[in-house]
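Architecture and fold: a report
Listed below are the residues making up each chain.
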Amino acid sequence: MIGTCGRIIDFYKQRVIELNSIQVVVLDEADRMFDLGFIKDIRFLFRRMPAPTERLSLLFSATLSYRVKELAFEHMNSPESVIVEPEQKQVTAFKKSCSTLQTKKKCVCYKR
């Protein structure tokens, strides 16, 4: 099942779906969910799912704020962080150049 928190809660309250047999939970953009005020909805859903030891929970976030870490430790079983690229390397200096070529010489330059 894939859906927004609001839609899943809506279906749950209408008894269209059950959450007690969920095996895997994927929460993407967790930091944005906090920023937009969806933390209560996330906790509502997690509390109606099997215990963290009985399901696989994956939480993806561009930033790991204190609130995102708190959610991970509250609703996950032995959460671990995976950092894909810890630091962006910035180019401190580079050389700019511009060449103006005559039309007949452009083909020669492109072939090099």
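Along every chain, residues carry numbers that run from 1 in the direction the sequence is written. For a predicted model such as this one, the threshold for reporting local features is a pLDDT of at least 70, and the threshold for listing and counting side-chain atom pairs is 80 or more; totals across whole chains, interfaces and linings nevertheless cover every residue. Side-chain metrics rest on all non-hydrogen atoms present in the structure, leaving aside hydrogens and water.

**Topic: helix H1 (residues 5-13)**
Buried residues are those whose accessible area, probed at 1.4 Å on protein chains only, stays under 20% of the maximum for their type, while exposed residues exceed 50% and partly exposed ones sit between those limits. Secondary structure elements are defined from DSSP: runs of H or I of at least 4 residues count as helices, runs of E of at least 2 residues count as strands, and each element is numbered from the N terminus. Burial in H1 covers these residues: Cys5, Ile8 and Ile9. In a view along the axis of H1, the buried residues occupy a sector of 100°, so they form one face of it. Contact definition: two residues touch when any of their heavy atoms are within 4.5 Å. Packed against the buried residues of H1 are helix H2 (30-35) and helix H3 (39-47). Phi turns positive one or two residues past the end of H1, at arginine 15, with a value near 60°. Here, the arc refers to the directions that run from the helix axis to the C-beta atoms.

**Some details on the pattern of salt bridges**
Any Lys or Arg side-chain nitrogen located within 4 Å of an Asp or Glu carboxyl oxygen qualifies as a salt bridge. All chains considered together, the criterion is met by 1 salt bridge. For aspartate 10, the salt bridge goes to arginine 7, with nearest N and O atoms at 3.6 Å. Here aspartate 10 pairs with arginine 7, and both are found in helix H1, just 3 residues apart, close to one helical turn. On the basis of relative accessibility, which here comes to 46%, the residue arginine 7 falls in the partly exposed class.

**What about the nonpolar core?**
Here, the term nonpolar core denotes a set of buried Ala, Val, Leu, Ile, Met, Phe, Trp, Tyr and Cys residues that are joined through side-chain atoms within 4.5 Å. By size, the foremost hydrophobic cluster in this structure holds 22 residues, and its most contacted members are Leu19, Leu27, Ile42, Leu45, Met49, Leu59 and Leu71. If you list the elements that add at least two residues to this core, you get H1, strand E1 (24-27), H2, H3 and helix H4 (66-75). The contact partners of leucine 71, leaving out residues within four places of it in the chain, are Leu27, Phe34, Ile39, Ile42, Arg43, Phe46 and Leu59.

**Here we look at a nonpolar patch on the surface**
A residue counts toward a patch only above 30% relative accessible area and without a salt bridge, and it is joined to like-charged neighbours within 9 Å or, for Val, Leu, Ile, Met, Phe, Trp and Tyr, to nonpolar neighbours within 5 Å. Throughout, the Shrake-Rupley method with a 1.4 Å probe supplies accessible areas, and for residues the shown protein chains are the sole cover considered. A cluster of nonpolar side chains, namely Val24, Val26, Leu56, Leu58 and Phe60, defines an oily patch on the protein surface of about 430 Å² accessible area. Mapped by element, the contributors of at least two residues to the nonpolar patch are E1 and strand E2 (56-59). Considering the arrangement of structural elements, one finds valine 26 in strand E1.

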